[in-house]
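# Summary of the model geometry
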Amino acid sequence: MPDQNVVVLTAPSGAGKTTIAHRVLEEMPEMQFSVSATTRDARSDETDGEDYYFLSLDEFQRRIDHGDLLEYEEVYPDQLYGTLRSEIETKSKEGPVLLDIDVDGATNVKEAFGDDALVLFVAPPSKEELQNRLQGRGTEDDRSMADRLARADRELEKADTFDGVVVNDELEAAVQETLDRIHQFLSS
Ligand code: 5GP
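Not measured: the values here are computed from a predicted model.

Right, let's talk about the environment of Ile101 for a bit. Positionally, Ile101 belongs in the loop between β7 (97-100) and α4 (103-113). Discounting residues that sit within four places of it in the chain, Ile101 has contacts with Val8, Leu9, Thr10, Ala11, Lys17, Ser36, Glu71, Thr83, Ala106 and Val109.

What follows is about the sheet that holds strand β4 (residues 52-54). Pairing is mixed across the open sheet formed by 4 strands, whose spatial order is β4-β3-β6-β5. Sheet topology places β4 and β5 (69-76) at the edges, where each strand pairs with a single neighbour. Adjacent strand axes in the sheet meet at a mean angle of 25° when their direction is disregarded. Sitting on the sheet, helix α6 (residues 142-156) touches β5 and β6 (79-84), and the angle it makes with β5 is about 115°.

With 7 of 7 residues buried, strand β8 (residues 117-123) is to be regarded as a mostly interior element. What you see with β8 is no split at all: Ala117, Val119, Phe121 and Ala123 on one side and Leu118, Leu120 and Val122 on the other are buried throughout. Pairing of β8 with strand β9 (residues 164-167), which is carried by 4 bridges, proceeds in the parallel orientation. Of the residues in β9, the one forming a bridge with Ala123 is Val167.

Not every one of the 17 residues close to the ligand is listed here, only the nearest: Ser36, Arg40, Tyr52, Tyr81 and Asp102. Between the ligand and Gly82, the relevant distance is 3.0 Å, taken from an oxygen atom to a main-chain nitrogen or oxygen of the residue. Contact distances for the ligand include 3.0 Å between an oxygen atom and a side-chain N or O atom of Arg148. Burial of the ligand by the surrounding chains reaches 95%, relative to a free accessible area of 520 Å². At the level of elements, β5 and β6 are the ones that each hand at least two residues to the shell around the ligand.

Another point: the sheet that holds β8. Across the sheet, which stays open at both edges, the 5 strands sit in the order β2-β7-β1-β8-β9 with parallel pairing between neighbours. Looking at which strands have only one partner, the edges of the open sheet turn out to be β2 (32-33) and β9. One ladder, built from 5 bridges, connects strand β1 (residues 6-10) with β8; its direction is parallel. Considered in β8, the bridge of Leu9 is made with Leu120. The sheet contacts of helix α7 (residues 171-187) involve β1, β8 and β9, and relative to β9 the element is tilted by about 160°.

Looking now at the nonpolar core. Counting 21 residues, the largest nonpolar core has Val7, Leu9, Ile20, Val24, Met31, Leu98 and Ile182 as its most contacted members. Contributions of two or more residues to this core are made by β1, α1 (17-27), β8 and α7. Core analysis: the next-biggest nonpolar cluster, separate from the first, contains 17 residues, Val6, Ala106, Phe121 and Phe162 among them.

What follows is about α7. With 17 residues, α7 extends 24 Å between its outermost C-alpha atoms, agreeing within 8% with the 24 Å of an ideal straight helix rising 1.5 Å per residue. Every buried residue of α7 is accounted for by Ala174, Val175, Thr178, Leu179, Ile182 and Phe185. Taken end-on, α7 shows its buried residues confined to a sector of 135°, consistent with a single buried face. For α7, the exposed residues set more than 90 degrees away from the buried face come down to Gln184 and Ser187. Structurally, α7 contributes buried residues whose contacts are with β1, α1, β8 and β9.

The rules behind each value
Every chain is numbered on its own, with residues counted from 1 as its sequence reads. Whole-chain, interface and lining totals are the exception, using all residues; otherwise, since this is a predicted model, local features are given only for residues with pLDDT of at least 70 and side-chain atom pairs are given and counted only at 80 or more. Only hydrogens and water are set aside when side-chain values are computed; all heavy atoms of the structure are taken into account. Strands here mean DSSP runs of E at least two residues long; helices mean DSSP runs of H or I at least four residues long; both are numbered from the N terminus. We call two residues in contact whenever any of their non-hydrogen atoms come within 4.5 Å of each other. Between any two strands, pairing holds if DSSP finds at least two bridges. To get an axis, a line is fitted to the C-alpha atoms, and for a helix only the part in contact is used. The angle between two axes follows their N-to-C directions and goes from 0 to 180 degrees. Only protein chains enter the area calculation, which uses a 1.4 Å probe; residues under 20% of their type maximum are buried, those over 50% are exposed, and those in between are partly exposed. We call a residue near a given molecule or strand whenever any one of its heavy atoms falls within 4 Å of it. Side-chain atoms alone can form a polar contact between residues adjacent in sequence; in general such a contact is a pair of N or O atoms within 3.5 Å, and within protein one must be able to donate a hydrogen while the other accepts it. All accessible areas in this document rest on Shrake-Rupley with a 1.4 Å probe, and a residue is counted as covered only by the protein chains that are shown. By convention a nonpolar core is built from buried Ala, Val, Leu, Ile, Met, Phe, Trp, Tyr and Cys residues, the set being connected through side-chain atoms within 4.5 Å. Every helix has an expected span of 1.5 Å times one less than the residues it contains. Our arc is simply the arc of the directions from the helix axis toward the C-beta atoms.

This is the structure in C-alpha cells:
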C-alpha cells in the first residue's frame, strides 16, 4: 500500500499500550485509529465499530477467505484479531493511522509497509508489574490471564526487533516519549 503513514503500538497485553494509544489520539486529532476486527466478546465498556468490529468466527473466516485482512492472528486460543485493509485505506485518506495490535501482527505490518511504518514496542517496567496490572484490570478470568502471561514472555523477547521501545513506567512520560517519536517519524 503506497504513501500511507502507519504508526503501530505493540506490546504484551497489560503493558498499557491501549491507554497510550487513547492519549495519542487525544493529543493528535489528525491521527486516525484503525479499528480491528475480533472474534472475542465485547467488554462492558466497549462499543462495536469504535473499539473493535466484533465478528462471529464464521464472519471473520469469510473476511479472511475474501482477502479483506491485511494481517490477522489467533492471539489467544479461539480468539482471532485482524486489521482490515478497508480500514487502513479509508482512514489513511484522513491522516496518519494508528494501530494497536499484537507483536506478530506488528511484525507483519512492518514487513508490508517498511519505512512507511513506525512500530513502537511498549514495555512494562517488569514482568511482575505486568502481572499486577492485568490482575488490577480485572477483565480476565484465570484461563485468559494465564494465556496472556505465557504469551507476554515470548513477546517481551521481541522488543528489540522494532523501531523503538517505550518503557511504560510512568504513564505521562511514556505518552510524551511516544508522541515525540511519532512527530519525528512524521516529519522525516
Ligand atoms: P484485547 O483483547 O486486550 O483487546 O487485545 C488482545 C491483543 O490483541 C492485544 O495485544 C491487541 O493489541 C491485539 N490486537 C488487537 N487488534 C489486533 C489486530 O488487528 N491484529 C493483531 N494481530 N492483534 C490485534
